[in-house]
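Here are the chains, one letter per residue:
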Number of protein chains: 2
Amino acid sequence: MEKQEWLLGIDLGGTTVKLAFVNKEGIIEDKWEIPTNLADNGIHIVSEIASSVKETIAKWPGAILVAAGMGAPGPVDFETGCIYVAVNIGWRNYPLKASLESELGIPVVVDNDANMASFGEFWKGAGEGTNDLVCITLGTGVGGGIIANQELVHGISGAGGELGHITAIPEGGAPCNCGKTGCIETIASATGIVRLSLEEINKKPESLLAKRYHEQGMITAKDLFECVEHQDEASAAVLDKVAKYLGLTAAHVGNCINPDKIVFGGGVSRAGEILLAPVRAYFQQFAFPRVAESTILECASLGNDAGVIGAAGLAHKQHGN
Amino acid sequence: MEKQEWLLGIDLGGTTVKLAFVNKEGIIEDKWEIPTNLADNGIHIVSEIASSVKETIAKWPGAILVAAGMGAPGPVDFETGCIYVAVNIGWRNYPLKASLESELGIPVVVDNDANMASFGEFWKGAGEGTNDLVCITLGTGVGGGIIANQELVHGISGAGGELGHITAIPEGGAPCNCGKTGCIETIASATGIVRLSLEEINKKPESLLAKRYHEQGMITAKDLFECVEHQDEASAAVLDKVAKYLGLTAAHVGNCINPDKIVFGGGVSRAGEILLAPVRAYFQQFAFPRVAESTILECASLGNDAGVIGAAGLAHKQHGN
């Protein structure tokens, strides 16, 4: 019997490594996680991934791995497969593609994790069937990815699609981890929403948001959206600010690419229409009319699997047959 | 003797049609212009182009035209070669590619004029040898084009690369022809610079800029740059505003694409370093550090030939062999 040809998708995070076997139709056949071993500047990560993969594929005698893709949290030299720098992991100019290929014995493609997740949505998620797709991931930070003419845009230094650092507030914005101020990451990330919520709580100590903050001793982006649903004015003001700058940022990218879709993923996007509806309204205001009429804004559909599916998909595209 | 294979490049404007025979190395072998016949909603334009081309190629018995490219002033359905709408010409859903192919008897590729000029700079101009290129054309309006992974970005509705309508001033900006307000076109086009200059002249009636305005009864972008060179403070304030918003806009596009280069063309860009130096400074401020370090800003190099060279180049790419 001929063996089924599968792809291996790997999504490296600071805490866990997500792994999946994915068939050529983009369906996950098996998935699991291992802890990310940060010891010795991440030097053990690749060999631990390889051991785990070999162990797991042994349970599937009817399948064979033909190629692998891996997303890493940092800018990547796509041609050579080197990670320029992955601060959370400890890598610097790390030859990830070469190391993985040597350990696994199959062709490997390496990219930035946000690009891999975007490619997942493009291959089998909310962006399936598009020619041009923009993904904006609203998590602890804000990441992104751009697919133009069905190809990921990497740029000269691996920073293509780094949409979290588009300047939403040119003057007087909050400081960002990147060294600039006013990046959309300082506003529309989970962290940014919490920061804005705390500012509003100070101004409106009688609000439902303030009440919840004092009850819990903390506040999350999820709390903010729940308080908006309870008609809390202070919370609505925070949401309006987030939506305005996110809509403006989406319009900037939309005016560049005029993609079929701009897709929002990450934890914050789970708020769904309560966030998306006002973002769409501001997008309509700030996008070139032709773009406003043709580019669709919606939520991502693959959730946490986007990274491994995208990594497998890119491996399939680059090395599949 | 075997005939030399040439490309035909056509750049359609509201007043003249620029035409050129271009060899496969991107060198112009012959170029000329004919007036744009706007009668009857532009229905005679294509046949007049074809007559002129046939007449001119007859003077070159050693050459044969193998393909043609044409840039048109309006959004284009790149797949079908139809012009959605070209207001200045009178076309609406006009099958330009099909008409030209039928008249000329060679394969034709059609695109937006700004995209063609960008492709010219990519093929044989300031962007030669790049993988990802952004062009911003500062003329009467502001146009643009994006080449990612060596392919023009068209978008779902032909508005990809419409960089003139990126919102530079989200609130309180000047009205733009597109229906929005605060587009970079309202600031960094020749028209925008004149508008800002007149505002400043009202505020600073003693300035050199005001003096020149009253002497001439009018003011141009060129006057503004000349007055800056004469240390006029009012003019420096206008330039600073233009440079700030243009640097911000370039940073938005840079943060999306991280291109090898962002290239400025069009009449206003003839100001050269006096404009580019402050634009670069603001770009550094607003671009993601990795982009600020790697993406180069410079002037376009093909001048008014960019359109015909780009059209010929795209014809070569699509249909050449």
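Every value quoted in this text rests on a predicted model; they were computed, and no experiment measured them.

A.B. asks: An account of helix α2 (residues 45-57) of chain B is requested, with residue identities and associated values reported.
C.D. replies: All names here are of chain B. In a regular helix each residue adds 1.5 Å, so 13 residues correspond to 18 Å; α2 covers 18 Å between its end C-alpha atoms and thus fits that length. Of the positions making up α2, those classed as buried are I45, V46, I49, A50, S52, V53, T56 and I57. Viewed end-on, α2 has its buried residues packed into an arc of 170°, placing them on one side of the element.

A.B. asks: Residue-level account of the pattern of salt bridges, with values.
C.D. replies: All names here are of chain A. A full pass over the atoms with the stated rule returns 28 salt bridges over all chains. Among the salt bridges present, the one from E101 reaches K97, with a minimum N-O distance of 3.1 Å. Placement of the pair is E101 and K97 together in helix α3 (residues 96-104), with a separation of 4 residues, close to one helical turn. E151 is the salt-bridge partner of K317, the closest N and O atoms lying 3.2 Å from each other. Of this pair, K317 sits in helix α12 (residues 306-319) while E151 sits in strand β11 (residues 151-152), placing them 166 residues apart in sequence. Overall, K317 belongs to the partly exposed group, its relative accessible area being 37%. Look at the salt bridges and you will find they share partners, linking R212, K222, D223 and E226 into a network.

A.B. asks: Would you mind going over the relation of the copies chain B and chain A in detail, with residue names and values included?
C.D. replies: Turning chain B through 180° and shifting it by 0.0 Å along the axis lays it on chain A, with an RMSD of 0.0 Å. Each copy turns onto its partner about a two-fold axis.

A.B. asks: Tell me about the pairing of strand β10 (residues 142-148) of chain B, residues and numbers included.
C.D. replies: Residues and elements named next belong to chain B. For β10, the buried fraction is high: 7 of the 7 residues fall into the buried class. A two-sided burial pattern is seen for β10, the buried positions comprising V142, G144, I146 and A148 on one face and G143, G145 and I147 on the other. Bridge count for β10 against strand β11 (residues 151-152) is 2 bridges, and the pairing is antiparallel. Among the inter-strand pairings, I147 is bridged to a residue of β11, identified as L152. Here β10 folds back onto β11 in antiparallel fashion, the turn holding 2 residues, of which N149 has a positive phi close to 50°.

Calculation notes
Residues numbered from 1 in each chain as written. Chains lettered and ligands numbered in written order. Predicted model: local features only at pLDDT ≥ 70, side-chain atom pairs only at ≥ 80, totals over all residues. Heavy atoms only, no water. Helix = DSSP H or I, 4+ residues; strand = E, 2+ residues; numbered from the N terminus. Expected span 1.5 Å × (residues − 1). Buried < 20%, exposed > 50% of the residue type's maximum accessible area, 1.4 Å probe, protein only. Arc of directions from axis to C-beta. Salt bridge = Lys/Arg side-chain N within 4 Å of Asp/Glu carboxyl O. Least-squares fit on C-alpha atoms with pLDDT ≥ 70 in both. Pairing = 2+ DSSP bridges.

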